[in-house]
Amino acid sequence: MDFATLFVQQLINGVSLGSIYALIALGYTMIYGIIKLINFAHGDIYMVGAYVGFFAITMMRTSVFPALIISMIITGILGILVERFAYKPLRHAPRLSVLITAIGMSFFLEYGMMYFVSPTPRTFPAAFESSGISLGSFVVNGQQLLIFAITIILMALLTYIVQKTKIGKAMRAVSFDTETAQLMGIDANRVISVTFALGSALAAAAGVLVGIYYNSIDPLMGMMPGIKAFVAAVLGGIGSLPGAMTGGIILGVIEALVSGFISSTFRDAAAFAILILVLLFKPSGLFGTDTQEKV
Amino acid sequence: MGELLQMKKYNSKSAMQKFDFLLLACSVVLFAAIQAGFSMDLIGSFWKLNIILICINIIMSASLNLINGYTGQFSLGHAGFMAVGAYVSVILTTNFGAPLIAGMVLGGACAAFLGCLIGLPTLRLNGDYLAIATLGLGEIIRIVIMNIEYVGGAAGFTGIPHLTTFPWVFVTMIVTLFFIKNFVNSTHGRACIAVRENEIAAAAMGINITRYKVMAFTIGAAFAGIGGALFAHCFYIINPSSFTFMQSFNFLIMVVMGGLGSLTGSIAGAFVVTALSAALASWPEFRMIIYALALIFLMFYRPQGLFGYVELTAYAPFNKLKFLNKEGGQK
Amino acid sequence: MEPLLKATRVNEMFGGLKAVSNFNLHIDPGELVGLIGPNGAGKTTAFNLFTGVYQPTEGQIEFLGKSIVGLKPHQITQRGIARTFQNIRLFAELSVLDNVKIAFHFHVRYGLAEAVMRIGRYYSEEQRIENEAMKLLKIFKLDSLAEETAKNLPYGAQRRLEIARALAASPKLLLLDEPAAGMNPQETQELMDMIHWIRDQFGLTILLIEHDMSLVMGICERIYVLEYGEIIAQGTPAEIQHNPEVIRAYLGGEA
């Protein structure tokens, strides 16, 4: 493969990986926007989503789309429960206390899951068969097409919810100023629950898609992508939905290019280097200006 | 800070020295008791290794507490500095035949240098942003080491001489604890605590905030490096996967459980976490679930940890010693 | 006589908003000067400019004949300006004594090595600053509370502790931001006497912001009146009381 071909192929791989990051990053950014918490457990929510999808396909014999929806619903409920149980009692506690709780929650989900399903990786069933398309010398395989399609649909759906619906407007209000929003009669607890549900459902979708893409899931699969997605959210400007989407895609592409042209072992280092550079030189990220709509 | 409060009762020179002497005397007794246990075969090799690991983890948690607890800068990259100390020291001892102490000194110095270098730009960040940035930096250190062929890359560094002995770790631990205790009870340590309490007020009192953040970070990194050197020489092989952010979280758990801003807390935290890990070695998931629930419920009901901040005077860290000290005074 | 503090044509913009404009002020050594003005007039902004918390957009601020523009807050404190805060900023979780000891920081003469090995001047210096801290606490009637955690002090005592702590930094110029806020008349009276006394005792120069007119009129030798970020009048208390500008702007309702 010549340079240009490799470059474009890595670009395609990067965008599909980046779509996954973007889906997880959306949840991070929404939750951070609304309760100023780096939800360390968010990556593990994504892992739970993958397992729910896995069991739906293997045990309930569903096809991919019902599995995706089941996983999003169940994981969305899990997100609400996590918030109710672990974060809500600490609504007025110092932020670091909540951060430590989130780390604890992350461990709880990881090792709780490990306890039930054993640490061995599971092979995700090849539930989605498609030959994909080849464009000249590049290949976009079926799983990648599926990822693109689902990501675009979900992002469009989320944008619609946040922009047009009543609950979306309430989310933006709470994110902008929780106290004032409450004075205006908005039930902040309900809005926070909805935010966790939406964020978790998106992460669950990402989990199922990753299962289909890489064919393998394990209880600790959420650790790295969770942190990477946070990097994506920071890169895009934390609190900004378009930021999370763009940040995710950019991060995925950079990682794919680093893997393709330097070494895959430096993939993670590249992501962290981006994080630190952004935090030091442009902490508001790409889209995180004051005029940026926040959720 | 608890120690700081406690100092009040001993703040004349002779009382402070008497207190230090009693601490040392107790350490000697503890050392002799454990050493006797080893030589009389009362403590098997499994627990012997774990006692050594407890001492190393006390060094790690006390040094992390200086950064997170006393200075209030939330770092999640401690394992990275540990890795630097470990790798620098094993290169010296294994490839150049240097003694362990040389490895510890140079390992600590390299970790301190890196800590200072990283701390200067990073410590401008606050709270959770600093946490995630230090986590990233710790991982970068690990990934860089993983890509250096000279130290064995991902496969690890093999053939390390088994130089870490109980006397070495115990003495190093005592030196570390005294260093940090004396530091936090000095004007420099008080400056760090002031930074934690209120940055704006600290600056208004003439304290150079950046300087003390970086100082605490550098000292913390130095001891993490020393701890790493001791850790590496417990085993025949070390590899980068021993120094992931999970390891940093592990030290964080010790500090948070024991109590932020309390050295006694760090000792207790390191002891409980290490002993629990050893006891539950066959049920790793179970162990982590316990930690997870402990962290969550601790934040609900006792966010300052077992010992921590003000409560320390009541739950006196060196309660026993305080008592001994009174007796000593009566003589 | 050369002024101790001199601000010349200082402007401070927040975004498009002028917080302080064309601000001129000079304080001679030993003076006790008041800075008054309605809420939002820019009094605390002026303090933040003098102490390096904010940097002036334009203009010059000199202390002891040298510019302090561009210096960090701790550098300015080390040159001899200490302050208290309108919204009390104590080291809340620390003891009263430690709050004061911390402020001696710049004047402690032992190094890091001496501290961690407890050699050299460590013990003697620790003893010295503890004695001096206790002396300050005694002046402010806080010595019996030395071991108390700062956040547990009653409000008035917290305000006094802030002043004691500021004095521990051994300033030449002391800036007091609403020292009597939240105090009852009797406490305010005691505080007035105390401020007067410490000025003479420590050879200080004091600039204070106050809402309580009786306090300002009672102890200040000279008063600046600030409105919408501009000095509209200055003079002795008597002059200020009769200045038509001030009556219009500040005492408007009562005139």
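Presented here is an overview of the structure given in this document. (Residues numbered from 1 in each chain as written. Chains lettered and ligands numbered in written order. Predicted model: local features only at pLDDT ≥ 70, side-chain atom pairs only at ≥ 80, totals over all residues. Heavy atoms only, no water.)

1. What about the overall build of chain C?
In terms of helices and strands, chain C carries 10 helices and 10 strands. The C-alpha radius of gyration of chain C comes to 19 Å, within 12% of the 18 Å expected for a compact globule of 255 residues. Referenced to the eigenvectors of the C-alpha coordinate spread, the extents of chain C come out at roughly 65 × 40 × 35 Å. Here chain C holds 255 residues, and the buried ones make up 55% of them. In chain C, the proportion of contacts linking residues at least 24 apart, taken out of those at least 6 apart, comes to 65%. Computed over 25 positive and 31 negative side-chain charges, the separation of the two mean positions in chain C equals 6 Å. (Helix = DSSP H or I, 4+ residues; strand = E, 2+ residues; numbered from the N terminus. Rg over C-alpha atoms; globule rule 2.2 N^0.38 Å. Buried < 20%, exposed > 50% of the residue type's maximum accessible area, 1.4 Å probe, protein only. Contact = heavy atoms within 4.5 Å. Lys, Arg positive; Asp, Glu negative; His and termini not counted. Charge placed at Lys NZ, Arg CZ, Asp CG, Glu CD.)

2. Observations regarding the interface of chain A and chain B
Taken together, the contact between chain A and chain B spans 41 residues of the former and 38 residues of the latter. Of all residues in chain A, Ile100, Phe107 and Leu280 of chain A give up the largest surface area on contact with chain B, accounting jointly for 17% of the area buried on that side. Inspection of the region where chain A meets chain B yields 1 salt bridge. Every element with two or more residues in the side of chain A that touches chain B is listed here: helix H3 (64–87), helix H4 (95–117), helix H9 (223–236) and helix H11 (267–281) of chain A. (Buried area = accessible area lost by both parts, 1.4 Å probe. Salt bridge = Lys/Arg side-chain N within 4 Å of Asp/Glu carboxyl O.)

3. Remarks on the interface of chain C and chain B
With 35 residues of chain C at the interface, the matching set in chain B holds 38 residues. Summed over both sides, the interface of chain C with chain B buries roughly 3,300 Å², with 62% coming from carbon and sulfur. Summed over the three residues of chain C that lose the most area to chain B, namely His105, Arg118 and Tyr123 of chain C, the buried surface amounts to 20% of that side. Across the pair aspartate 20 of chain B and arginine 118 of chain C runs a salt bridge, and its minimum N-O distance is 3.2 Å. Here chain C and chain B share 15 residue pairs in polar contact (both at pLDDT 80 or more) between them. Only helix H2 (73–79), helix H3 (96–103), helix H4 (112–117) and helix H5 (122–139) of chain C provide two or more residues apiece to the side of chain C that touches chain B. With 6 residues, the single largest contributor to the side of chain C that touches chain B is H5 of chain C. Its residues assigned to classes, the side of chain C that touches chain B comprises 17 nonpolar, 8 polar and 10 charged. (Polar contact = N/O pair within 3.5 Å; in protein donor to acceptor, adjacent residues only side chain to side chain. Nonpolar A, V, L, I, M, F, W, Y, C, P; charged D, E, K, R; others polar.)

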